[in-house]
Amino acid sequence: MKHITIGLFLLTAVAAQGAGGQDMVLDIDLSSRQAEVSPAMYGIFFEEINHAGDGGLYGEMLMNRSFEERVMPEGYHVENGALVPPVVDNYITGEPTTKSYRWGDDPFPGWEIIKRGNAAAEARTVTDNPNFATAPTSLRLTVKNPGKGVALVNKGYWGVALQKDARYRLRMYVRTADGGKDMTVRLTGASGEELGSVPVTLDTDGEWHEYKAVLQASDTTSDGRLSIELPGAGTYYFDYVSLFPEDTYKGRENGMRKDVALMLEELHPGFVRWPGGCVVEGITLNNRFDWKKTLGDPASRPGEYDTWGYRTTYGFGYKEFLDFCEDLGAKGMYVCNVGLACYGRSGEYCSDEEALYYIQDALDAIEYAIGDTDSRWGAVRAAEGHPEPYPLAYVEIGNENFGPIYDRRYNMFYKAIKEKYPDLTLISNYGLEGSEGADTIEMVDPHWYVEPKHFFNTTRLIDNYERGKHDIYVGEYSCNQNVGGGNMLAALSEAAFLTGIERNGDIVKMASYAPLIENRNDRAWPVNLIWVDNDQVVGRSSYYVQKMFAQNRPDYNLKVNADIKSADSAPLIGVDSYIGLGTWSTQTQFRNLKVTDANGNVIKADMNDDTQWVTPRGQWTRGDGVASQTGIENRTALIWTGGRATDGSVIEFEVKKTGGNEGFLCFFGLQSPDLKKGYMLNAGGWNNTASAIEGLEDDNSSPISLVVPDRLDSGRWCKARIVLRHGKAEYYLDNKLKVTYATEPMERKFYAAGYDEASGEVILKIVNATPEKCKARITFTNGDVEHTGRVIVLKADAATDENSFDEPLRISPQEHTYPGFSSKFDYNFEPNSLTVIRLTKK
Ligand code: AHR
């Protein structure tokens, strides 16, 4: 066999060099008026994920305050320590998806019973004689022998953080018929040292009673406890034991943690999206986020086992969300369930007839927020103390739903909501291209979770996007792959992406980074904007990018002629490299694989020749000219060592799906016969809803092309063809072009220029994602600026630098004034930086 050297051919960057040797030359026309940037452009996406609400933004300090944590969603059971939902057919694949979820064996998480001396006591959760029918679980604690004392102790969300002299509101329900009367509730440190206490005199009539008190902390600790000292032998029932700081954001009783809320306030959000995210859909429909159950007294709210593996209290409910919007001066965006559970989990669905319930539920939610006070739900709002309508402006119909069933649901919901509320902006959850199955689309909601290269390469994605079709809300995006916990490179790639968003403000109306908050003790998602623990809030560098863009949003863009030197070059697809076939939780067959080079030479694979194949992963059988994947593993691979692709090659094979959730994979540009580096066509990925070309690095992949709506049918042979030519990869199925990816020299320097009418300032934003200074010459035409301007710089020594709990402000914006501006000036932008310059127009 011919030995072929494998290597990546790099496309040499053609550097556009500015006249004076600059890396960037910008000519900005001060009299121009380009795309407007919506006041709602930069918003926040809240979802109960990573303990973002409970243990994050929401002020409650005690975990499992209502003792409901171990309540399973209806129909679920525990198997081998994991929570298993009922088996249902998936609305995309038509087949059941079997997955299990996090569960624990602690009967009352968050709580412990301390027994001192020879004390004897036992506790269990019960549902008899409930205090609240809607949240019926309580804790029964029987003290048989008080010994030297028995205490019911809550450790909070990974510790109760107390501030010296701060005051905390205790609210709890206790019932006892035979217990003592004189109870003491203490704040303590981790080893039990008292940091404040309050006596509570119990009623012993066997009925539930509410007790409220304020405790003041005598010292500061991040690892405190709430300790309820039991007054002697007897049986005590506890329900809703809650502790809130008195000093919440805007002083609301059931309010938000002030330090976390202030971080969000600084993002000047134009809107708040609630409640998510996948929690909207649920694992199954039974555990979807149910807004009606979040109303009323927090003590009576049942909470729910959340899509992300823990129970939410529903404390940060629909009313709290709407109040929070008002407190922030933001518009509200409510996302409703359309009778479809998350397709990547169970994909449960109801019939179109049953979906009428969900339509009514969405209409009720809207009526609660903005309906007249004489309407049913408007009256509930008024009775809860808010007769004026809330600033709800957007409703999104579903979250990350796809396919023909979603098309039908979307049309049903759109019609029903629009008829009643014509002024609301209704958002579909479709990706960029929308769907031919939708009757009317006002706005789409593409989501991008990508690696840095993707954002650097796609800042011009929207520039040529068809106008007049629909508007765009980029509802979820972040650079969260190959960037550690979220480093400066991630932040700079997002800044680069946002320059493209801002420039296309005529069509991109809103954007929200996701996810928003992570409690450092429960990272369910790889990279999140803000990290919290019980007494600290850390903004990642990406947070500061958001803040700088939001606080420096112009009203409209200015016209810029730019000449930018490319710092980097991108690899050309079509190298002398290995080819592979694969699947993702799908059974698929392949045959007649061949590769044709640019000169027409053909090498055919022999499926029966063992020397031609290596199998990094999966259960493969080969015989009779067919290779079959029979397992359900993710990313299986069968690498062909008998042939190679080079620039100009065409890879062809036939493929037949025989079972499972998705379509097939084809690896190409592999530098070695493994999955370390190369490219991957993902055909019928995302549960058989879309196809894309992905970059592959160390067995991780993320899309580098557009993710195009697509599916692969089962049970028939289809002809696949991948054409690798001149830095371009094209994927055809049955001669139909499905996906294209073209490389180009990778830009690492970006700009946005706009004008703020209220302050009369020109706002420049420059991203320099290179390790060298970026020498720029900036010229203003048709107008002039004052010499002294404000400069705000976010920079890092290295692109891999990150903020941390120890160094939360290591990468944070620094502001200074600079006196050297004029109608033509040179400026050196720092390495690894985002710079905002605000200049008063003369
Ligand atoms: O932001 C995290 C998750 O990503 C959201 O819940 C979901 O919409 C998306 O898949």
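Residues numbered from 1 in each chain as written. Predicted model: local features only at pLDDT ≥ 70, side-chain atom pairs only at ≥ 80, totals over all residues. Heavy atoms only, no water.

**Q** Can you break down the overall build of the chain residue by residue, with the values?
**A** Regarding its fold elements, the chain presents ten helices and 53 strands. Computed over its C-alpha atoms, the radius of gyration of the chain comes to 29 Å, within 12% of the 28 Å expected for a compact globule of 842 residues. Referenced to the eigenvectors of the C-alpha coordinate spread, the extents of the chain come out at roughly 95 × 75 × 55 Å. Relative to its 842 residues, the chain shows a buried fraction of 61%. Contacts spanning at least 24 positions in sequence make up 74% of the contacts within the chain whose residues lie at least 6 apart. Looking at the chain as shown, the accessible area adds up to about 31200 Å², and 46% of this sits on carbon and sulfur atoms. In the chain, which carries 87 positive and 119 negative side-chain charges, the distance between the mean positions of the two groups comes to 3 Å. (Helix = DSSP H or I, 4+ residues; strand = E, 2+ residues; numbered from the N terminus. Rg over C-alpha atoms; globule rule 2.2 N^0.38 Å. Buried < 20%, exposed > 50% of the residue type's maximum accessible area, 1.4 Å probe, protein only. Contact = heavy atoms within 4.5 Å. Areas by Shrake-Rupley, 256 points an atom, 1.4 Å probe, with all protein chains shown as cover. Lys, Arg positive; Asp, Glu negative; His and termini not counted. Charge placed at Lys NZ, Arg CZ, Asp CG, Glu CD.)

**Q** Can you lay out helix 6 (residues 403-420) for me, pointing to particular residues and giving the numbers?
**A** Its 18 residues place the ends of helix 6 26 Å apart at the C-alpha level, agreeing with the 26 Å of an ideal helix rising 1.5 Å per residue. Buried residues belonging to helix 6 abut strand 19 (331-336), helix 4 (355-370), strand 20 (392-397) and strand 21 (425-428). (Expected span 1.5 Å × (residues − 1).)

**Q** Kindly report on the nonpolar core, identifying the contributing residues and their values.
**A** With 122 residues, the main nonpolar core has Leu57, Tyr318 and Ile417 as its most contacted residues. Excluding residues within four positions of it along the chain, Leu57 makes contact with Phe46, Ala52, Met256, Arg257, Val260, Ala261, Leu264, Phe316, Phe324 and Ile517. One finds Leu62, Phe108, Ala119 and Val185 within the second-largest nonpolar core, a separate group that totals 36 residues. (Core = buried A, V, L, I, M, F, W, Y, C linked by side-chain atoms within 4.5 Å.)

**Q** How would you explain the packing of aromatic side chains if you had to name every residue and give the values?
**A** Two numbers describe a pair of aromatic rings. These are the distance of the centres and the angle of the planes. Enumeration over the complete set of coordinates arrives at 52 aromatic pairs. The interplanar angle of 75 degrees and the centroid separation of 6.3 Å between the aromatic rings of Phe455 and Tyr477 together place this pair among those described as edge-to-face. Of this pair, Phe455 sits in helix 7 (residues 452-457) while Tyr477 sits in strand 24 (residues 471-479); the two residues are 22 residues apart in sequence, bridging distant segments of the chain. Judged by relative accessible area, Tyr477 falls into the buried class, the value being 0%. Here Tyr477 and Tyr513 contribute two aromatic rings whose centre-to-centre distance is 5.9 Å and whose plane-to-plane angle is 70 degrees, an arrangement assigned as edge-to-face. In this pair, Tyr477 sits in strand 24 while Tyr513 sits in strand 25 (residues 508-513), placing the two residues 36 residues apart along the sequence. Here the guanidinium or amino end of Arg520 rests over the ring plane of Phe805, the centre of that ring lying 3.7 Å away. (Phe/Tyr/Trp six-rings, centres within 6.5 Å; stacked < 30°, edge-to-face > 60°. Lys NZ or Arg CZ within 6 Å of the ring centre and 35° of its normal.)

**Q** Now, about the pattern of salt bridges: what can you tell me, with residues and values included?
**A** Side chains that carry opposite charge are capable of pairing whenever their charged atoms lie near each other. For the structure on display, the rule yields 57 salt bridges. Between Arg635 and Asp699 there is a salt bridge, with its nearest N and O atoms 3.5 Å apart. Within this pair, whereas Arg635 is found in the loop between strand 36 (626-629) and strand 37 (636-645), its partner Asp699 is found in the loop between strand 41 (690-697) and strand 42 (700-703), the two being separated by 64 residues in sequence. Salt bridges linked by common partners bring Arg116, Arg186, Glu194 and Glu229 together as one network. (Salt bridge = Lys/Arg side-chain N within 4 Å of Asp/Glu carboxyl O.)

**Q** Run through the site of the ligand, naming residues and quoting values.
**A** Around the ligand, the surrounding shell consists of Glu47, Ile49, Gly277, Cys278, Trp308, Asn399, Glu400, Tyr449, Glu476, Ala514, Pro515 and Trp525. At 3.0 Å from an oxygen atom of the ligand is found a side-chain nitrogen or oxygen belonging to Asn399. Between an oxygen atom of the ligand and a side-chain N or O atom of Glu400, the distance comes to 2.8 Å. The fraction of the free accessible surface of the ligand (280 Å²) that becomes covered by protein chains is 95%. Classifying every residue of the shell around the ligand by side-chain character gives seven nonpolar, two polar and three charged. (Near = heavy atom within 4 Å. Polar contact = N/O pair within 3.5 Å; in protein donor to acceptor, adjacent residues only side chain to side chain. Nonpolar A, V, L, I, M, F, W, Y, C, P; charged D, E, K, R; others polar.)

**Q** How would you sum up the sheet that holds strand 1 (residues 24-29)? Please name residues and give values.
**A** The strand order 30-1-49-52 describes an open sheet built from four strands, whose pairing is mixed. Each edge of the open sheet carries a strand with a single partner, namely strand 30 (559-564) and strand 52 (824-829). Each neighbouring strand pair of the sheet contributes to a mean axis angle of 20 degrees, computed without reference to strand direction. (Pairing = 2+ DSSP bridges. Axes fitted to C-alpha atoms, helices over the stretch in contact; angles between N-to-C directions.)

**Q** Before we move on, could you go through the pairing of strand 37 and cite the residues and values that matter?
**A** Sheet faces and side chains relate simply in a regular strand, where the side chains alternate between the two faces. Counting buried positions along strand 37 yields ten of ten residues, so the element is predominantly enclosed. Sheet topology note: the strand 31 (residues 577-583)/strand 37 ladder contains six bridges and is antiparallel. Bridge pairing in strand 37 links Ser577 to Ala645. Bridging between strand 34 (residues 613-617) and strand 37 involves three bridges; their strand directions are antiparallel. In the sheet register, Arg617 faces strand 37, and the bridge partner there is Ala637.

**Q** Report on the environment of Val88, specifying residues and quantitative values.
**A** One can find Val88 in the loop between strand 4 (82-84) and strand 5 (111-116). For the pair Val88 and Leu558, spaced 470 residues apart in sequence, the C-alpha separation works out to 53 Å. Once you skip the residues sitting within four places of it in the chain, Val88 turns out to touch Glu95, Pro96, Thr97, Ser346 and Glu348.

**Q** Help me get a handle on the environment of Glu48, residues and values and all.
**A** By the element assignment, Glu48 lies in the loop between strand 2 (42-45) and strand 3 (77-79). In sequence terms Glu48 and Tyr310 are 262 residues apart; their C-alpha atoms lie 9.5 Å from each other. Not counting residues within four places of it along the chain, the set of residues in contact with Glu48 comprises Gly53, Asp54, Pro275, Val279, Phe289, Asp306, Trp308, Tyr310 and Thr312. Engagement of the side chain of Glu48 in a polar contact is seen with the backbone nitrogen of Ala52, the distance being 3.4 Å.

**Q** Pulling in residues and values, what's your account of the packing of helix 4 against helix 6?
**A** The geometry of helix 4 relative to helix 6 is characterised by a closest axis approach of 10 Å and an angle of 35 degrees between their N-to-C directions. Crossing of helix 4 over helix 6 shows right-handed handedness. Contacts from Ala355, Leu356, Tyr358, Ile359, Ala362, Leu363, Ile366 and Glu367 of helix 4 reach helix 6 at Arg409, Met412, Phe413, Ala416, Ile417 and Lys420. By residue class, the composition of the contact of helix 4 with helix 6 is eleven nonpolar, no polar and three charged. (Left-handed = near helix turned anticlockwise from the far one by under 90°.)

**Q** Which residues make up the sheet that holds strand 27 (residues 530-532), and what values go with them?
**A** What the three strands build is an open sheet, ordered 26-27-28; its pairing is mixed. Both edges of this open sheet fall to strand 26 (517-519) and strand 28 (537-539), since each of them pairs with a single strand only. Neighbour-to-neighbour, the strand axes of this sheet turn through a mean angle of 25 degrees, independent of strand direction. Bridge count between strand 27 and strand 28: three bridges; the pairing is antiparallel. When the bridges of strand 28 are listed, Trp531 appears paired with Val538.

Just distances and angles here, no functional claims.
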